[in-house]
Amino acid sequence: MAKQKKLDNLGVSAFCESMGMMVQAGIQTDEAISLLEQGTADKEKGVLGNGISVMKEKVEEGSSLADSMLASEIFPDYALKMVAAGETSGRQEDILFRLSRYYKDQKTISEKIRSAVTYPAAMIILIIAVLAVMLAMVLPAFTDVYDSLTGSLSASTYSYIKWAYGFCWFALILMILIALCLFGGLYMWNHGKKAAVEGVLRRIPLCAEILDNMGMFRFTSALSTFLASGEMQDIAVLDSIPMTDCGPVEEKLQKVVARMEEGHSIAQAAYDEELFEPVYGRMLLAGERSGSMESVLERLTELLEENCTAKVESLVGIVDPLLSGILMFTVGLSLLSVMLPLIGMMNSVG
């Protein structure tokens with residue numbers, strides 16, 4: 001039996017927001033599911049439509065929203081766990097809206113990273129195409145012109161042409177290797193080799209910072225939602241750790257858990273282990289002492305998202321001009337090398 005395809009982040013966000021609004025309006029779970037099914041009745045059923053049909057059957061049999069979502073097999077484990085916690089704590093409406101924001105933020109960051117990768121990939125392909133044209137058409141055309149003018153290339157002219165060919169071939173091979181690494185990395189990332197790719201990326205300081213920021217963003221967002229559902233602090237931290245999807249961040253969090261087991265609060269443990277930057281750590285301490293931990297965590301999540309976005313844009317701001325410079329430098333230098341003999345000929349004629 002084929003494994004059921006999961007909803008993407010945007011689909012989960014839309015579902016949770018729709019359910020949250022209906023719960024807020026006082027609509028019962030079975031009626032809300034029926035209304036959602038009607039919205040997909042006249043359309044070709046996709047992942048969500050098929051999942052809602054299963055959910056409707058389950059809620060009509062008396063299952064809870066969380067159990068019906070589990071039976072549909074289209075929702076991620078985190079969403080299932082949070083909806084179940086919301087039903088148990090009586091905060092289902094709040095949890096659904098929080099989940100909607102969480103998955104919407106995940107979608108936003110994913111799109112920013114995808115766009116950050118797409119443009120450099122397109123630039124590399126463009127550079128490869130330009131260099132291929134230079135080698136296949138432009139440089140041979142200059143060689144033919146010189147042959148027709150002089151009968152054969154002189155030693156000095158030949159050295160210029162040879163240098164231009166060599167430089168273009170070197171640049172082309174280099175760009176092809178970079179392209180293979182990039183697309184190979186993307187393939188590995190999407191096919192279960194994410195840890196290996198991250199290991200390479202972590203050798204680049206800015207990439208390592210982006211990965212850590214993303215892990216912290218996912219952690220604080222999950223922790224905020226778990227605490228809102230009524231979970232105890234230590235359990236909420238343990239449940240939030242797998243959401244980071246980032247080894248170094250998980251290692252730091254395990255140290256925080258160890259400090260909490262010694263009797264420290266989450267804010268104090270996080271501050272002592274330098275889990276956050278000092279200013280964020282003090283924010284968390286102040287929030288804990290004032291009884292506004294949830295609101296501080298929400299603010300921290302927003303700040304971490306903004307910081308992650310800024311670092312991604314900073315990386316793009318470095319890579320894009322660099323690739324454009326490589327393209328202009330390579331083409332300009334190659335053209336200059338084949339134009340020099342022509343300039344020399346014109347000076348001798350003059």
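This one's a predicted model, so the numbers in the text were calculated from it and none came from an experiment.

1. Some thoughts on the overall build of the protein
In terms of helices and strands, the protein carries 14 helices and zero strands. Order of helices (α) and strands (β) in the protein, N terminus to C terminus: α-α-α-α-α-α-α-α-α-α-α-α-α-α. Per-residue burial over the protein gives 39% buried out of 350 residues. Carbon together with sulfur atoms contributes 60% to the accessible area of the protein, which is approximately 18,600 Å² in total.

2. A closer look at helix 9 (residues 205–228)
If you check helix 9, its first and last C-alpha atoms are 35 Å apart, about what 24 residues at 1.5 Å a residue would give, namely 34 Å. G230 sits one or two residues past helix 9 and shows a positive phi near 100°.

3. Examining the pattern of salt bridges
Considering all chains together, one arrives at eight salt bridges under this definition. Between K81 and D239 there is a salt bridge, with its nearest N and O atoms 3.9 Å apart. In this pair, K81 sits in helix 5 (residues 77–89) while D239 sits in helix 10 (residues 233–240), placing the two residues 158 residues apart along the sequence. According to the relative accessible area criterion, K81 is partly exposed, its value standing at 41%. Several salt bridges converge on common partners, so that one network encompasses R91, D94, R98 and E298.

4. A short note on the packing of aromatic side chains
For the structure shown, the criterion picks out four aromatic pairs. An angle of 55° between the planes, with centres 4.9 Å apart, marks the rings of Y78 and Y102 as tilted. With Y78 in helix 5 and Y102 in helix 6 (residues 92–150), the pair connects residues that are 24 residues apart, well separated along the chain. Like Y78, the residue Y102 is buried in the burial classification. Judged by centre distance (5.0 Å) and plane angle (85°), the rings of Y102 and Y103 are edge-to-face. Using a relative accessible area of 4% as the deciding quantity, one classes Y102 as buried.

5. Some thoughts on a negative patch on the surface
Taken together, D30, E31, E57, E60 and E61 make up a surface patch of like negative charges. Tracing the chain through its elements places E60 in helix 3 (residues 47–60).

6. A word on the nonpolar core
Residues F15, M19, F75, Y78, F276 and L284 are the most contacted members of the largest nonpolar core, which totals 67 residues. Discounting chain neighbours no more than four positions away, the residues touching F15 are L36, L48, M55, L65, M69 and F75. Formed by 16 residues, the second largest nonpolar core is a distinct cluster that contains I127, L139, C168 and M175.

7. Details of the packing of helix 9 against helix 10
Taken N-terminus to C-terminus, the directions of helix 9 and helix 10 make an angle of 140°; their axes are 9 Å apart at the nearest point. The orientation of helix 9 with respect to helix 10, classified from their angle, is oblique. With respect to the hand of their crossing, helix 9 and helix 10 are arranged in right-handed fashion. For the pair formed by helix 9 and helix 10, the contact residues are F219, A222, L223, F226 and L227 on the first element and Q233, A236, V237, D239 and S240 on the second. The residue inventory of the contact of helix 9 with helix 10, partitioned by class, reads seven nonpolar, two polar and one charged.

Cut-offs and rules
Residues numbered from 1 in each chain as written. Predicted model: local features only at pLDDT ≥ 70, side-chain atom pairs only at ≥ 80, totals over all residues. Heavy atoms only, no water. Helix = DSSP H or I, 4+ residues; strand = E, 2+ residues; numbered from the N terminus. Buried < 20%, exposed > 50% of the residue type's maximum accessible area, 1.4 Å probe, protein only. Areas by Shrake-Rupley, 256 points an atom, 1.4 Å probe, with all protein chains shown as cover. Expected span 1.5 Å × (residues − 1). Salt bridge = Lys/Arg side-chain N within 4 Å of Asp/Glu carboxyl O. Phe/Tyr/Trp six-rings, centres within 6.5 Å; stacked < 30°, edge-to-face > 60°. Patch = residues over 30% accessible without salt bridge, like charges linked within 9 Å, V, L, I, M, F, W, Y side chains within 5 Å. Lys, Arg positive; Asp, Glu negative; His and termini not counted. Charge placed at Lys NZ, Arg CZ, Asp CG, Glu CD. Core = buried A, V, L, I, M, F, W, Y, C linked by side-chain atoms within 4.5 Å. Contact = heavy atoms within 4.5 Å. Axes fitted to C-alpha atoms, helices over the stretch in contact; angles between N-to-C directions. Parallel < 35°, antiparallel > 145°, perpendicular 65-115°, else oblique. Left-handed = near helix turned anticlockwise from the far one by under 90°. Nonpolar A, V, L, I, M, F, W, Y, C, P; charged D, E, K, R; others polar.

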